[in-house]
Amino acid sequence: MKTKFIITLLAIGMFSNSTFANNTTTAKDPDKDRVIIYVLKNILGRFHYVQKDLNDDFSEHVYNSFIDGLDPSKRYFTQKDLKEFSQYKYLIDDQLRQSNIDFYKLVYGRFLEKIKGAKDTYRSILAKPFDYNKKEFIDVDYDKVPYAKDPVALRDHWRKQLKLSVLGRIEDAENQQKEKLKKDRTAKTKSFKELEKEARSEVLKNMDDLYIRIEELENSDWYSTFLNSVVSGFDPHTSYMSPRIKSRFDQDMSGKLEGIGARLQKKGIYTHIVELISGGPAWKQGELEAGDIILKVAQGNGEPLDIVGMRLDDAITFIKGKKGTEVRLTVKKKLDGSVKVIPITRDIVELEETFVKSSTVEKDGKKYGIINLPKFYIDFNDANRRDAAKDMEQEIARLKKEGVEGLIVDLRDNGGGSLKTAIEIGGLFIDKGPIVQVKYRGEAPLVKNDSDPKIQWNGPLVVMVNELSASASEIFAAAMQDYKRGVIIGGKQTYGKGTVQNILPINRFYADYPDDLGVIKMTIQKFYRINGGSTQIEGVYSDVSLPSRYSYMDFGERDLEGALAWDKVPQAKYSTTNSYSNFGDVVYNSKQRVMNDVKFQKINEYAKWLRKKQDESKYALSYDMFKKESEQRIEEGKKFKDVFKFESNLTFESPKYELDLFKKDTILEEKRVAWHKNLKKDIYMNEALNVLSELKMNNNHIAVKH
């Protein structure tokens, strides 16, 4: 079965089950919908890591997940609707066996009916002021709030949600006025009546923009929501991806795309340029600017296509294209409103923020290197293109040339990526030996080794993690910890995603179907540390735990519904590196510094306060009570205003090879300057450097396989 899978990845990112629908589009191809269901249930049954019975419990999961995916804020369905839907609550498993989608058709059809009346509902509610003297409350914990009893109660639910939004905007406007008056006592102010009217107008505009996006989407988008309700019943990291979503996923994993190199955003009916990607074709061509509006798109000398009012995804398909082809954009310029045609030759665009970057810093007369790795990226379609392992090896070589005496690998917020690159990066720091163990359903674990005896970095190593470091990040951090190759510093524990997903094209199992049926991202393995323990649920516990805003939050794999359980397998054969003569002392010293540091004590206190606020879900909707509660929250929060305010006396600089790049790319230079300023203000980086500066190497500290 292993040979049937071509793409192995590890990532925290999940594709949301909750999207927006088209209130006019119906299923164009019901046979396609049934085909996808038929194939999915067979693929999952044969290849998913967990054998799952399609029973009443599974049926109930799909029932609840799909309805919640369509209506998470309980704005559309009533208890009467739910009573009708409930006839299928324990029958969906039987329907799935028969590739029957009657449940989907009933709920989706009712949803379309509800969407049609939504605009009239919110517009009529926002047409006049609310009663701000009425003593009432809203609970925004929608998992616990019951569905409205009837249409009258549903409208009242809408009213309360919209009133809360308006009150928040009034509060913001009043606070801005107060700040103006502090600076200028003669500044003009607006009355509550004026501010209230403006707030309602802003909320109305936001709702109109939301429903423009809702109306753009099609049956296939909502059917994807249903399919994800089904596949998520196996585990939270198994998901269905439509062809469009798969394209985005590939772009995200590879860090590149083919096109003009511009970030686009839909505002009303227009497609706006938000940002030009540094070094991309549009940036090089020089005429397109952030804020410009694209009106028409032509392929070379072809007839221009009007994209005003077109959904963003469709507009992007016309703007993107193969390297070397020309696209001509008819653009309304932001500065003077003139309209001009801008020809751009498409090229491969690399998304710089995806890739490795490094910095150097001097501390106590010694130079150290910092490598930030945002993702374990790889181009699955082109093995010759850059990937995280190749880039890490090159970046370490560059830092060695600059004479760094210690290295920090920063994996904070790194949600994972390619298993292959995680293993190869682990191998850069040891001689050779196991990095991770992987296990298929019902089989013995397989040990994945680094077989290259070359050590790219044999000096002091610190690995920074936090609660968002997941999957491939956890593989690398766990290996470095088990080998005692480096000190792991950061949040108490990492995210805890110890499963492996593969991408499987559905058409492979239904080859005669003419259209692209999409893919399934499916959990097919669990991975284990070389010491035998799983990182599933538990994650990697830091050698030095630093308090953070997430310290007491419900956060991570352990808080996901349906997450697979922790377990263990036999330990792989490996020897620790014996890298340091003072590992224990360094860890102890750091723990003492953190425990006695007033700033870290304050951060810990802040984390407890955030946890308390996380549990609060009720808001007063009378103006006086809302304002009083808000002022109380602001007052409580004041003592944490400067909780992360910190500035070291260190100077962070780019490695020398980047200096030549800056002459051609000022945007890259600006990004690096901003990053270095943030590193200077990063209390966590400061402690990581303290640890790194204390580590002392043993002689003959090579990790070897037994």
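Residues numbered from 1 in each chain as written. Predicted model: local features only at pLDDT ≥ 70, side-chain atom pairs only at ≥ 80, totals over all residues. Heavy atoms only, no water.

- If you check an unreviewed UniProt entry, the protein chain appears there as Carboxyl-terminal processing protease from Tenacibaculum polynesiense.

1. Quick word on the overall build of the protein chain
Logical step 1: Within the protein chain, the regular secondary structure consists of 20 helices and 24 strands.
Logical step 2: The C-alpha radius of gyration computed for the protein chain amounts to 28 Å, which stays within 12% of the reference 27 Å derived for 706 residues, consistent with globular compactness.
Logical step 3: When its C-alpha atoms are laid out on the principal axes, the protein chain stretches across 75 × 75 × 60 Å.
Logical step 4: The burial tally for the protein chain puts 53% of its 706 residues in the buried class. (Helix = DSSP H or I, 4+ residues; strand = E, 2+ residues; numbered from the N terminus. Rg over C-alpha atoms; globule rule 2.2 N^0.38 Å. Buried < 20%, exposed > 50% of the residue type's maximum accessible area, 1.4 Å probe, protein only.)

2. What to know about the pattern of salt bridges
Logical step 1: Taken as a whole and judged by the stated rule, the model has 45 salt bridges.
Logical step 2: A salt bridge links Glu402 to Lys367; the nearest nitrogen and oxygen atoms lie 3.8 Å apart. Of the two residues, Glu402 is situated in the loop between α12 (388-401) and β14 (407-410) and Lys367 in strand β13 (residues 366-372); the sequence distance between them amounts to 35 residues.
Logical step 3: By relative accessible area, which is 14% here, Glu402 ends up buried.
Logical step 4: Between Glu616 and Lys613 there is a salt bridge whose closest N-O contact spans 3.3 Å. (Salt bridge = Lys/Arg side-chain N within 4 Å of Asp/Glu carboxyl O.)

3. Some thoughts on the sheet that holds strand β18 (residues 461-465)
Logical step 1: In spatial order, the strands read β22-β19-β18-β14-β13-β12-β24; together these seven strands make up an open sheet with mixed pairing. In this open sheet, the two edge strands, each paired with only one partner strand, are β22 (544-545) and β24 (652-653).
Logical step 2: In terms of strand pairing, strand β12 (residues 357-363) meets β13 through seven bridges, oriented antiparallel. By the bridge assignment for β13, Val361 is matched with Tyr368.
Logical step 3: Relative to the sheet, helix α19 (residues 666-680) contacts β12, β13 and β24, its axis offset from that of β12 by approximately 45°. (Pairing = 2+ DSSP bridges. Contact = heavy atoms within 4.5 Å. Axes fitted to C-alpha atoms, helices over the stretch in contact; angles between N-to-C directions.)

4. A word on the UniProt feature "coiled-coil region" (unreviewed entry) in the protein chain
Logical step 1: Annotation from UniProt places "coiled-coil region" (unreviewed entry) at residues 178-220.
Logical step 2: Between the end C-alpha atoms of residues 178-220 the distance is 48 Å, and the span holds 77% helix and 0% strand. (UniProt positions renumbered as here; feature names shortened; annotations may be inferred.)

5. A few points about the pairing of β12
Logical step 1: Of all the seven residues making up β12, six are buried; the element is thus mostly covered by neighbouring parts of the structure.
Logical step 2: Between β12 and β13, which pair antiparallel one after the other, the connecting turn spans two residues, and Asp364 there sits at a positive phi close to 50°.
Logical step 3: By the bridge criterion, two bridges tie β12 to β24 in an arrangement that is antiparallel. Among the inter-strand pairings, Thr360 is bridged to a residue of β24, identified as Glu653.

6. Focus: unusual backbone geometry
Logical step 1: Of note, Asp364 is a non-glycine position whose phi angle comes to about 50°, a positive value.
Logical step 2: Tracing the backbone shows Asp364 in the loop between β12 and β13.
Logical step 3: Of note in this structure, Asn578 is not a glycine but carries a positive phi near 55°.
Logical step 4: Along the chain, Asn578 turns up in the loop between β22 and α15 (583-596).

7. Quick word on the packing of helix α18 (residues 656-664) against α19
Logical step 1: At a closest axis distance of 6 Å, the pairing of α18 and α19 adopts a crossing angle of 130°. Taken together, the axis directions place α18 and α19 in an arrangement best described as oblique. Where α18 approaches α19, its residues Glu658, Leu661, Phe662 and Lys664 are matched on the opposing element by Thr666, Leu668, Glu669 and Arg672.
Logical step 2: The residue inventory of the contact of α18 with α19, partitioned by class, reads three nonpolar, one polar and four charged. (Parallel < 35°, antiparallel > 145°, perpendicular 65-115°, else oblique. Nonpolar A, V, L, I, M, F, W, Y, C, P; charged D, E, K, R; others polar.)

8. A look at the side chain of Glu171
Logical step 1: When you line up the elements, Glu171 lands in helix α6 (residues 151-183).
Logical step 2: It turns out Glu171 is buried and unbridged, and the closest side chain with the opposite charge, Arg633, is 5.7 Å from it.
Logical step 3: The residues touching Glu171, leaving out its near neighbours within four places in the chain, are Phe626, Ser630 and Ile634. (Lys, Arg positive; Asp, Glu negative; His and termini not counted.)

9. Section: the packing of aromatic side chains
Logical step 1: Tallying each qualifying case throughout the model produces 32 aromatic pairs.
Logical step 2: Here Tyr606 and Phe640 contribute two aromatic rings whose centre-to-centre distance is 5.3 Å and whose plane-to-plane angle is 50°, an arrangement assigned as tilted. Of this pair, Tyr606 sits in helix α16 (residues 598-614) while Phe640 is found in the loop between α17 (623-638) and β24, placing the two residues 34 residues apart along the sequence.
Logical step 3: Looking at Lys357, its charged tip hangs above the ring of Trp675, at a distance of 4.8 Å from the centre.
Logical step 4: Directly above the aromatic system of Tyr657 lies the positively charged group of Arg398, at a separation of 3.6 Å from the ring centroid. (Phe/Tyr/Trp six-rings, centres within 6.5 Å; stacked < 30°, edge-to-face > 60°. Lys NZ or Arg CZ within 6 Å of the ring centre and 35° of its normal.)

10. Some remarks on a nonpolar patch on the surface
Logical step 1: A cluster of nonpolar residues, Ile269, Tyr270 and Val308, forms a patch on the protein surface that exposes about 230 Å² of accessible area.
Logical step 2: Its place among the elements puts Tyr270 in strand β6 (residues 270-276).
Logical step 3: Overall, Tyr270 belongs to the partly exposed group, its relative accessible area being 35%. (Patch = residues over 30% accessible without salt bridge, like charges linked within 9 Å, V, L, I, M, F, W, Y side chains within 5 Å. Areas by Shrake-Rupley, 256 points an atom, 1.4 Å probe, with all protein chains shown as cover.)

11. With respect to the pairing of strand β7 (residues 293-299)
Logical step 1: The buried fraction of β7 is high, at five of seven residues.
Logical step 2: Summarising the sheet, β6 and β7 pair through two bridges and their orientation is antiparallel. Across the sheet, residue Thr271 finds its bridge partner in β7, namely Ile294.
Logical step 3: Note that β7 and strand β9 (residues 326-332) share six bridges and pair antiparallel. Within β9, the position partnered with Val297 by the bridge is Leu329.
Logical step 4: As paired elements, β7 and strand β8 (residues 305-306) share two bridges and run antiparallel to each other.

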